[in-house]
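Breakdown of the fold
Residues per chain, in single letters:
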Amino acid sequence: HSKDCVKVAVRVRPFNKRERDAGSRCIISMVSSSITIQDPRDSQNRRSFCFDYAYWSHSGFTRDHRGVYVPEEPGGRYADQDSVFQDLGEGILENALQGYNATLLAYGQTGSGKSYSMMGYGPNKGLIPKLCDRLFQAIRENQENRQCQVFFSMLEIYNEQVVDLLSRASRTPGGLRVREEQQRGFYVEGLRTVPCETAAQVEQLMEQGTRTRTTAATHMNANSSRSHMLIILQLKQIFSKESITKQSNINLVDLAGSERQRSSGSEADRLKEGTAINLSLTTLGNVISSLADVAVGKKVVHIPYRDSALTKLLQSALGGNSRTVMIATLSPADICYEESLSTLRYAERAKRIQNRAVVNESPTE
Ligand code: ADP
Ligand code: MG
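I will try to describe carefully the structure that is included in this document. Because the structure is predicted, anything quoted here is derived from the model rather than measured. (Residues numbered from 1 in each chain as written. Chains lettered and ligands numbered in written order. Predicted model: local features only at pLDDT ≥ 70, side-chain atom pairs only at ≥ 80, totals over all residues. Heavy atoms only, no water.)

**Comments concerning helix H4 (residues 127–141)**
Under the 1.5 Å per step criterion, the end-to-end length of H4 is 21 Å for 15 residues, consistent within 8% with the ideal 21 Å. Of the residues making up H4, those classed as buried are Leu 127, Ile 128, Pro 129, Lys 130, Leu 131, Cys 132, Leu 135, Phe 136, Ala 138 and Ile 139. (Helix = DSSP H or I, 4+ residues; strand = E, 2+ residues; numbered from the N terminus. Expected span 1.5 Å × (residues − 1). Buried < 20%, exposed > 50% of the residue type's maximum accessible area, 1.4 Å probe, protein only.)

This is the structure in structure tokens:
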């Protein structure tokens, strides 16, 4: 039974084409795990933050023969996908194998590198596929004293509706229901849970889910940057000699873009979006603020977990039974100053949250 704070990492990406074309300046600088952001209109106005990790992925890279982003020179400062995984992914895997729940959240404005860090693109595999590779490797290497089962689910929350990304039959009006049980906490009723035996199987399901997400968004004339994507990996380990079963849930969350959202649809859509699309993200912010207050000893009567679908599903990850890591992603550009500053503030609050993670262990039935 250990108290531990949410671990927070920040990562700054290279300029994109739009920023290069606009002749953008980089306003982010990093020294070890601290980060400084500079107001582009007032160079005296700087703010520094300290996190558990700060990843410089802005410059000093080159691409190898496979197209993988790597540091320009060995030992260079560019933080590639491997080094991010070493710090954040390995720990999550360790925790899960010990029987703890673990959660990894990516927060940041659209285009700042959330999906790149979590899923990755092409040969630049992100945290989730790397985690799966290592998970199945660990299972293969340690088969004598335990039997392992892995289950995979993938969903999105859009407009407070929960959509199963692995099931065609999920386009039910209103989405799937989030229910609560004493033992289990909140869960999605009827969510497809697929047993997996290889990382390749998981990767195929992730591709399927990502395709469903994109098509659904196009179909609804919506923007997938406004939905939250959640992957749940359940790991069950049965130790036959000791007659003990350990069970851990790994939540992997690619959050909706954190920017203040402007709607493009009809008046009715706008109204709905105003109340619902942001509801999960706003509530997440409120939950994080309340928990940050709790951590500094303020009296807080109510943590508003129940106010949104996302915070219900992440209840144990936030202030509960989970080891939690947040990666906050940033654009380096002066034109994104306000958004980047707000991301850093959000991340700073998240850092204060304290969880109480316990090993989920019970006698094998
Ligand atoms: P988000 O999911 O936050 O909307 P993406 O992850 O899709 O943003 O990133 C936007 C673009 O920036 C993508 O083309 C991606 O390849 C690129 N990118 C993001 N982070 C990095 C990084 N650390 N190194 C190199 N390219 C990156
Ligand atoms: Mg994305």
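Still more ground to cover, so stick around.
**As for the environment of Thr 212**
Looking at where Thr 212 falls in the secondary structure, it is placed in helix H5 (residues 199–219). Residues Thr 212 and Leu 165 lie 47 residues apart in sequence; the distance between their C-alpha atoms is 5.9 Å. Only 3.3 Å separates the side chain of Thr 212 from the backbone oxygen of Leu 165, close enough to count as a polar contact. (Polar contact = N/O pair within 3.5 Å; in protein donor to acceptor, adjacent residues only side chain to side chain.)

**Overview of helix H7 (residues 279–295)**
Helix length check: H7, at 17 residues, gives a terminal C-alpha distance of 24 Å against a target of 24 Å (1.5 Å per residue), a fit within 8%. For H7, the set of buried residues is Ser 280, Leu 281, Thr 283, Leu 284, Gly 285, Val 287, Ile 288, Ser 290, Leu 291 and Ala 292. Directly after H7, the chain includes Gly 297, whose backbone phi takes a positive value near 90°.

**A short note on the pattern of salt bridges**
With the rule as written, the count across this model stands at 13 salt bridges. The salt bridge involving Glu 156 is made with Arg 213; its shortest N-O contact spans 3.4 Å. A residue pair is termed long-range when its members are at least 10 positions apart, and Glu 156 in strand E12 (residues 147–158) and Arg 213 in helix H5 qualify at 57 residues. (Salt bridge = Lys/Arg side-chain N within 4 Å of Asp/Glu carboxyl O.)

**A closer look at the side chain of Asp 254**
Within the secondary structure, Asp 254 is located in strand E18 (residues 244–254). No salt bridge is formed by the buried Asp 254, whose closest oppositely charged neighbour, Arg 213, lies at an N-O distance of 4.6 Å. At a separation of 2.8 Å, a polar atom in the side chain of Asp 254 contacts the side chain of Ser 115. If sequence neighbours within four positions are ignored, Asp 254 has contacts with Ala 106, Lys 114, Ser 115, Met 118, Ser 227, His 228 and Met 229. (Lys, Arg positive; Asp, Glu negative; His and termini not counted. Contact = heavy atoms within 4.5 Å.)

**Regarding the side chain of Lys 130**
Note on placement: Lys 130 falls in helix H4. According to the relative accessible area criterion, Lys 130 is buried, its value standing at 16%. Looking at Lys 130, its side chain comes within polar contact range of the side chain of Asp 82, at 2.8 Å. Not counting residues within four places of it along the chain, the set of residues in contact with Lys 130 comprises Gln 81, Asp 82, Phe 85 and Lys 125.

**Quick notes on the packing of aromatic side chains**
Within the structure shown, the criterion is met by 7 aromatic pairs. With centroids separated by 6.0 Å and ring planes inclined at 5°, the aromatic side chains of Tyr 53 and Tyr 55 adopt a geometry described as stacked. The class of Tyr 53 is partly exposed, set by a relative accessible area of 23%. We classify Tyr 55 as buried; its relative accessible area is 5%. These aromatic residues form a ring-pair network of at least three members: Phe 61, Tyr 69, Tyr 78, Tyr 116 and Tyr 121. For Arg 184, the ring lying beneath its charged end belongs to Tyr 187, and the centroid distance is 3.7 Å. When the ring centre of Tyr 100 is taken as origin, the NZ or CZ atom of Arg 323, which lies over that ring, is 4.0 Å away. (Phe/Tyr/Trp six-rings, centres within 6.5 Å; stacked < 30°, edge-to-face > 60°. Lys NZ or Arg CZ within 6 Å of the ring centre and 35° of its normal.)

**Some remarks on unusual backbone geometry**
We note that Glu 160 has phi near 65°; this positive angle belongs to a residue other than glycine. Structurally, Glu 160 is set in the loop between E12 and strand E13 (161–164). For Ser 243, which is not a glycine, the phi torsion comes out positive at approximately 55°. Structurally, Ser 243 can be placed in the loop between strand E17 (228–239) and E18.

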